[in-house]
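Next come the chains, spelled out residue by residue.
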Amino acid sequence: MVKDEWNAFMRVMKIPPKGSGILNGLTFAVKDVFEVENHTNTAGNPDWLRTHRAAGKTAPIIDTLLKQGATFQGVTHTDELMYSLNGENFHYGTPVNPKANNRIPGGSSSGSAVCVAAGLTDFAIGTDTGGSVRIPSTYCGVFGIRPTHGIVSVEGVIPLAKSFDTVGWMTRDAELLLRIGKILFAQIGEDEQSFRHLYFPKEAWELVDSEAKMTLLKATDKLAERTETKQLVKITSQGLSDWAEIFRIIQGIEIWQEHGEWIQKENPVFGPGIAERFRWAASLNRKELKPKNKLKMKIREHLSELLGDDGVLVIPTAPGEAPLRNLPVESMEQYRSKVMKLTCIAGLTGFPQVTIPVMKENGLPVGLSVIANAGQDLRLLNFVNQFRQIG
């Protein structure tokens, strides 16, 4: 059994492989929002656990990985109802970031990132709605992917905001990230053709702190070696704050549509930050959804035209290294707002994004992300695999 010194697991439970394939001998874990037969998900909240029954079957994605030879090791911690990017859980504690134990691991797929970074499993599965695979991957110094929206099945997964929800995964190396993609993106078909153009959104690079920016830009030199052009571009007319607000409102309305009835009925106890976020979601006007979705579609069309078939956006995954643990709620909310200006780009477009770990001189990880057009997931993973760890 796994010896968990990092508080990564909510429950350790071994399920042996159901077949043989390209994942033979590897181990994995999943965020505690995926159905596992005879297990009751907590979704990071004791009241959710209290009011829900054990699953009658296991989520299809888990079975797919088991059939490829992987061994299941258990379910990992998550922020409450996946509605956070911090990884600090009021009820179950905060998983320890193996790269910096005085800093948050990131969330909401906190335990998944920690168990990979700590070497407890070879890979882990999480969900990403507003950044919940990309941000913990960045803070814990591992590779992570948010796929094209809708390309990986979310059957058997507790939803948050369905027009943004995706299933992603984390690994310590790019080759395994790609190997898993070949299984889960089987319908796409292999595409090893490289990208020709790198686009650096000015608005995104203005959000990163100076030390991290210097480290990340140096790392992009390796990306540029295999591409034809490297161009600084402006992707918004009014800034990423507007895009982040569009994302927040659509997400908030969808979240309340999904979970509002349960919250009103059960009156669950939420931790600081989470409780305020749900109250805000409850206050939103559903009439805002249609016009905001129209703006979302325009953003998607605009970036799709920019990227075409052979371009990628290159952005910092987060504004810098992981924040310290136990910061005031107000400070974390301000930082979260800044993070979402970066994560909303892939969220609004539904495009695939891969975050690559880069190490700063002080030994702390930061993340460099590449975003491709919709459906180019395997091609993006092949592109990243050419560089492995580039920092």
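Use the structure listed above.
An account of the accompanying structure is given in this report. Every value quoted in this text rests on a predicted model; they were computed, and no experiment measured them.

## Digging into the overall build of the protein
Of regular secondary structure, the protein possesses 12 helices and 11 strands. Expected size for 391 residues packed as a compact globule is a radius of gyration near 21 Å; at 19 Å, the protein falls within 12% of this value. Dimensions of the protein, computed from the C-alpha atoms along their principal axes, are close to 55 × 50 × 40 Å. By the burial criterion, 61% of the 391 residues in the protein qualify as buried. Sequence separation of 24 or more characterises 79% of the internal contacts of the protein that already satisfy a separation of 6 or more. Per element, the accessible surface of the protein, about 15,100 Å² overall, is 47% carbon and sulfur. When the 44 positive and 43 negative side-chain charges of the protein are each reduced to one mean point, those points stand 1 Å apart.

## Points about the nonpolar core
Within the largest apolar cluster, 111 residues are counted, with the highest numbers of intra-cluster contacts made by F28, F34, I61, I62, F123, I125 and W169. In terms of residue count, the dominant contributor to this core is helix α8 (residues 240-266) (12 residues). Residue contacts for F123: discarding those within four places in its chain leaves L23, L26, T27, F28, A29, L65, A70, V116, M170, T171, L176 and I180. With 15 residues, the next largest nonpolar core counts A8, A29, A113 and C115 among its residues.

## A short note on helix α10 (residues 289-307)
Taking 1.5 Å per residue as the helical rise, α10 with its 19 residues ought to reach 27 Å, and the 27 Å between its terminal C-alpha atoms agrees with that figure. Positive phi appears at G308, one or two residues downstream of α10, with a value of about 55 degrees.

Conventions used here
- Residues numbered from 1 in each chain as written.
- Predicted model: local features only at pLDDT ≥ 70, side-chain atom pairs only at ≥ 80, totals over all residues.
- Heavy atoms only, no water.
- Helix = DSSP H or I, 4+ residues; strand = E, 2+ residues; numbered from the N terminus.
- Rg over C-alpha atoms; globule rule 2.2 N^0.38 Å.
- Buried < 20%, exposed > 50% of the residue type's maximum accessible area, 1.4 Å probe, protein only.
- Contact = heavy atoms within 4.5 Å.
- Areas by Shrake-Rupley, 256 points an atom, 1.4 Å probe, with all protein chains shown as cover.
- Lys, Arg positive; Asp, Glu negative; His and termini not counted.
- Charge placed at Lys NZ, Arg CZ, Asp CG, Glu CD.
- Core = buried A, V, L, I, M, F, W, Y, C linked by side-chain atoms within 4.5 Å.
- Expected span 1.5 Å × (residues − 1).

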